[in-house]
Amino acid sequence: MAHPSQLGFQDAASPIMEELLHFHDHALMAAFLISTLVLYIITVMMTTKLTNTNAMDAQEIETVWTILPAIILIVIALPSLRILYLMDEINDPSLTVKAIGHQWYWSYEFTNYENLMFDSYMIPTQDLLPGQFRLLEVDNRMVVPMESPIRMLISAEDVLHSWAIPSMGIKTDAIPGRLNQTTFIASRPGVFYGQCSEICGANHSFMPIVVETAPLTEFQSWSSSML
């Protein structure tokens, strides 16, 4: 999870988030190179006393500064489109979980099981145990198996919410009357935190999301205990 004075993203916990981090670095490098070139040209123009009348009407220069930005945009757009298609790709999920946003808590339904459903409320500050995070811990975590494709069906019962796990690269709106879909694969075991990312009312900041990823055997033990 994030820590104080952190400048970068959280460590990736899914292949999609790893791709997003790589694309961020790629786009940032392109922006850095452009900014450096523009700053260099401005500095040269402001400091030199030489003038070149041939540069006042140069078709070659105009051609270059028209084609070069187009090439840069293509270099940035193609990886972006690839990641968009990867995020929408859902192939034979091992588990389907329905997350429903309420004011102000989440409820989960594991559709592969007949009676596996529960509500997830934030633990009040006075009830926290040593080592637990304030405003982020919940009484019932959503446990899923690692290294398995998980399909999330996300909706809301009252107002707009948003189900977001930054370290997994997930942010999907929960809209009343609409069923949105996303997928993820947890690449390592752990506990991952998120929060509702849509301003949904007075207690918007108090409906956290906690996803725990575990090996398949531990998930089976957890699901058996919840039934």
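Residues numbered from 1 in each chain as written. Predicted model: local features only at pLDDT ≥ 70, side-chain atom pairs only at ≥ 80, totals over all residues. Heavy atoms only, no water.

The name an unreviewed UniProt entry gives the protein is Cytochrome c oxidase subunit 2, with Pseudotriton ruber as the organism. The protein has a UniProt comment under Catalytic activity (unreviewed entry) that states "4 Fe(II)-[cytochrome c] + O2 + 8 H(+)(in) = 4 Fe(III)-[cytochrome c] + 2 H2O + 4 H(+)(out)". What the UniProt record of the protein gives under Subcellular location (unreviewed entry) is the line "Mitochondrion inner membrane". (UniProt positions renumbered as here; feature names shortened; annotations may be inferred.)

## So, the domain arrangement of the protein
What the domain assignment reports for the protein is domain 1 (15-88) and domain 2 (95-226). Its C-alpha centre places domain 1 at a distance of 40 Å from the equivalent point of domain 2. Across the boundary between the two partners, domain 1 contributes 5 residues, which contact 7 residues of domain 2. The contact between domain 1 and domain 2 buries some 430 Å² in all, and 58% of this surface belongs to carbon and sulfur atoms. A per-residue breakdown of the area domain 1 buries against domain 2 is headed by Pro15, Met17 and Met87, which together make up 75% of the total. Run the count over domain 1 and domain 2 and you get 0 salt bridges. Viewed at the interface, domain 2 and domain 1 are joined by 0 residue pairs in polar contact (both at pLDDT 80 or more). (Domains from an automatic or database assignment. Contact = heavy atoms within 4.5 Å. Buried area = accessible area lost by both parts, 1.4 Å probe. Salt bridge = Lys/Arg side-chain N within 4 Å of Asp/Glu carboxyl O. Polar contact = N/O pair within 3.5 Å; in protein donor to acceptor, adjacent residues only side chain to side chain.)

## A word on the nonpolar core
Grouped together as the largest cluster of nonpolar side chains are 32 residues, with contacts concentrated most on Trp106, Tyr108, Phe110, Met142, Met152, Trp163 and Met168. Every element with two or more residues in this core is listed here: β1 (95-102), β2 (105-110), β4 (142-145), β5 (149-156), β6 (161-165), β7 (170-174), β10 (208-214) and α3 (216-226). The leading source of residues in this core is β5, at 4 residues. Excluding its chain neighbours within four sequence positions, the residues that come into contact with methionine 168 are Ala13, Ser14, Met17, Phe184, Ala186, Phe192, Val211 and Thr213. (Core = buried A, V, L, I, M, F, W, Y, C linked by side-chain atoms within 4.5 Å. Buried < 20%, exposed > 50% of the residue type's maximum accessible area, 1.4 Å probe, protein only. Helix = DSSP H or I, 4+ residues; strand = E, 2+ residues; numbered from the N terminus.)

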